[in-house]
Each structure stands twice: as C-alpha cells, then as structure tokens.
Amino acid sequence: MNLFRQILSLLPFLVLTVTTSCIRENNDCPPGNSEVKVYFSYPLTGNERNETILPAEQIDLYIFNEQGKFVKSHTDPSPVLTPGYYINIILDPGTYTLISWVNLKECYGLSHEEITEETLLEELLVHLQTDENDTINTQIHPLYFGNLSGQQIHINQEHVLTIPLVRNTYNIHVTTEGLEQDATHDYHLIITDRNGSYTFDNSFASDKEVHYKSACLKNDNNQPYGSLSVLRLHEDRKHAILKLQNSTTHEILYECNLLETILSLRDQGITVDFSTTFDYNIHLSFQADMSVDITINDWKITEDQEELR
C-alpha cells in the first residue's frame, strides 16, 4: 500500500517532466518537425568597432527547400541585433537555403509582390526604389545580406545556425574648398552607377544606371559639402561616376570615376579593400589653375580635373 501511494505521489512530477521536455525539444511536439535557432554574425570594422550592435531596423529571413522553392519567411520589424539575438523557426526534415536581408525597408523593393510556395529562389530580386528618372533623392538604409545553403535539418532535433552578414552599402562624404563664395548658389552631389539590383545570392542583377542625388549644405565659408549612401562598390565594376554640380547654373564643377580615383591610392602603396572599408571621406581642393587636389581618407591625390572627366 505504501509503495502504491509513493507511485501515485510521483505521477504529477513524471507527467510534468515528460510534457516539459516535449514542449522544449519539439515546440509542442508537431510530428516530424524540428526547432531551428538562427543567429547572425557580422565583423565590425572601422567606426563600427565602437558599436555594440548592428544598426538593424528590420530583419527578413527567407527559407527555400532543396529544389529552390520558397518554404516560409519571417520578418522582425524591430530587432536588437546583439550576438545573442536569434530567430526561432520550425522546419520539416530536409535540406534548406536560408537568405537574410537586414533593413530591407522603404527605399528597396522586391521583384515579386507576393511570394508563394511556387516562387523560386533564382527568380527573386532586390532593387532600389527610384523615381521615373531612375533617381533616388533620399539617403538609403544601410543594407546587409547573408545566406546559408545546403543546411540539413534532421527530425526532432534542435538546430543552431549562424548566418554571416555582409554589408551592401557605402557612405561617400565630400567636402570642398576653393570654390567661389556665392551664398546664392545651391549644389548637389550625384553618383551614377549600375548597382541598383541584386539576385537573392547578392550578385549584381542589372547594368541599368541609377542616380543617387543629395543636396549639399554649406560651411561658414559658403563651401558645399554633403554625403551620399550608395549600394555595392566593386573594383571589377568601375561604373560609378561622382559629380559635384552647381544646381543654380547647372554647371558640373567636378566629375570623376569614383572607383578609379579610390583605387589610385594603391599607386602609393595604400591598401584599398571594399570588403572592409565602407566610408570614404573625399576632400576637393579647387586651385586657381582649375586643377583639383583630392584627399581620400586623409591620403592625398593630385590630378588635373580635365583628365578625370
């Protein structure tokens, strides 16, 4: 009798243990499914080393099966992307590709208005949202991309995956001196490139020109300065043209091939790596003879302006 009572007293604890294990390991035990925790990593470089988190305003995660068909997606509209941040998803056993875009917000669009289970990975594109003149007049959100392919998910197991992120945006900051000090004139920075569209493996998808445009401010000496954020710069795609325009007279005061100008720093033995440096501070010093002294990230280049046009 005493043994029977002891067994009865232990029953609630045995049931609780089994139930808790089931919920923890199998997310309420959907048959055959597995829990997947998706973490994100990003090597902070330059000024970002002082940041404890990535500037993430939104994370979109897309899952595709072994045939490249869309399975599911998850959007976090307000993530705090610390090393401990993760997205929890439930998947059937199989082999998957995981694609992530960070900050895929208003200035970007997708090629498909609706993604269904028949949508293929190879069909999807991300592109800049430009106006009818293929121009974007606002600062774009910092965009990051990550993917994992060939990830095998096994039945009734917890999986932990980490998606490495790469940065897709660059900041170009331009300051000037030596221009006519006319307070009535306005100025614009313009960068024209062919980098406005990407496949879901982050490859360039189009050679169509896009124009990034931003109004300049002026310092105390009425010298224009401004900044532009642009999508991917790649040394094998030397399409980007930087212009400083007097918007009042419509005169182009300065024009250069941005990639070739930055890469010319290598002639001085300076390392140029677009995969680690994402901010370029360009100072234009206009001389009386119409030449322009150029400084990029505190390194000086002297070129004749006519040679750069």
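Our subject is the structure that appears above.
The sections below set out a description of the structure shown in this document. Computed from a prediction, not measured in an experiment: that's the story for all the values here.

## Structural notes on the overall build of the protein chain
Tallying secondary structure elements over the protein chain gives three helices and 21 strands in all. Out of the 309 residues belonging to the protein chain, those deemed buried represent 44%. Surface exposure of the protein chain reaches about 16,500 Å², of which carbon and sulfur atoms provide 49%.

## Overview of the sheet that holds strand β5 (residues 94-102)
Judged by pairing direction, the sheet is mixed, and its seven strands sit side by side in the order β3-β2-β5-β9-β10-β1-β4 without closing on themselves. Pairing within the sheet leaves two strands with one partner each, and these edge strands are β3 (70-76) and β4 (86-91). In this sheet, adjacent strand axes meet at a mean angle of 20° when their direction is disregarded. Pairing of strand β1 (residues 34-41) with β4 involves six bridges; the strand directions are antiparallel.

## Looking at the packing of aromatic side chains
Counting across every chain of the model gives twelve aromatic pairs. When the centroid spacing of 6.3 Å and the interplanar angle of 85° are considered together, the rings of Phe 64 and Phe 200 count as edge-to-face. Linking Phe 64 in strand β2 (residues 59-64) with Phe 200 in the loop between β13 (197-199) and β14 (210-215), this pair joins segments that are 136 residues apart in sequence. Residue class for Phe 200 comes out buried when judged on its relative accessible area of 2%. Ring-pair connections join several aromatic residues into one group, and the members of that group are Tyr 62, Phe 64, Phe 70, Trp 101, Phe 145 and Phe 200. Cation over ring: Arg 237 sits above Phe 204, and NZ or CZ is 3.9 Å from the ring centre.

## Considering the sheet that holds strand β6 (residues 108-110)
Whether parallel or antiparallel, the strands of a sheet pair through hydrogen bonds between backbone atoms. Strand order across the open sheet formed by three strands is β6-β7-β13, with antiparallel pairing between neighbours. For this open sheet the edge positions go to β6 and β13, each flanked by a neighbour on one side alone. Each neighbouring strand pair of the sheet contributes to a mean axis angle of 20°, computed without reference to strand direction. The pairing of strand β7 (residues 125-128) with β13 spans three bridges and is antiparallel.

## Details of the nonpolar core
Judged by nonpolar contacts, the single largest core of 78 residues is most densely connected at Trp 101 and Tyr 212. Dropping the residues within four chain positions of it, Tyr 212 is found in contact with Leu 128, Ile 136, Ile 140, Leu 189, Ile 190, Ile 191, Asp 193, Asn 195, Leu 228, Ser 229, Val 230 and Leu 231.

## Things to note about the environment of Trp 299
Tracing the backbone shows Trp 299 in strand β21 (residues 299-303). Assessed through its relative accessible area of 43%, Trp 299 is described here as partly exposed. Taking the C-alpha atoms as reference, Trp 299 lies 7.6 Å from Leu 265; in sequence the two are 34 residues apart. When residues no more than four places from it in sequence are discounted, the contact partners of Trp 299 are Leu 265, Gln 268, Ile 270 and Ile 294.

## A short note on the side chain of Gln 151
Mapped onto the elements, Gln 151 comes out in strand β9 (residues 144-153). The class for Gln 151 is buried, based on a relative accessible area of 18%. Here the side chain of Gln 151 touches Ser 149 through a polar contact of 3.1 Å, landing on its backbone oxygen.

## Comments concerning the environment of Leu 217
As for its position among the elements, Leu 217 is in strand β15 (residues 217-218). Assessed through its relative accessible area of 53%, Leu 217 is described here as exposed. For the pair formed by Leu 217 and Thr 175, sequence separation is 42 residues and the distance between their alpha carbons is 9.7 Å. Leaving out residues up to four positions away in the same chain, Leu 217 has contacts with Gln 223, Pro 224 and Tyr 225.

## Brief notes about unusual backbone geometry
Even without being glycine, Asp 134 reaches a positive phi, approximately 60°. If you trace the backbone, Asp 134 turns up in the loop between β7 and β8 (135-136). Positive phi, close to 75°, is recorded for Asp 298, a residue that is not glycine. Relative to the assigned elements, Asp 298 resides in the loop between β20 (292-296) and β21. Residue Asp 298 is classed as exposed on the basis of its relative accessible area of 75%.

Calculation notes
- Residues numbered from 1 in each chain as written.
- Predicted model: local features only at pLDDT ≥ 70, side-chain atom pairs only at ≥ 80, totals over all residues.
- Heavy atoms only, no water.
- Helix = DSSP H or I, 4+ residues; strand = E, 2+ residues; numbered from the N terminus.
- Buried < 20%, exposed > 50% of the residue type's maximum accessible area, 1.4 Å probe, protein only.
- Areas by Shrake-Rupley, 256 points an atom, 1.4 Å probe, with all protein chains shown as cover.
- Pairing = 2+ DSSP bridges.
- Axes fitted to C-alpha atoms, helices over the stretch in contact; angles between N-to-C directions.
- Phe/Tyr/Trp six-rings, centres within 6.5 Å; stacked < 30°, edge-to-face > 60°.
- Lys NZ or Arg CZ within 6 Å of the ring centre and 35° of its normal.
- Core = buried A, V, L, I, M, F, W, Y, C linked by side-chain atoms within 4.5 Å.
- Contact = heavy atoms within 4.5 Å.
- Polar contact = N/O pair within 3.5 Å; in protein donor to acceptor, adjacent residues only side chain to side chain.

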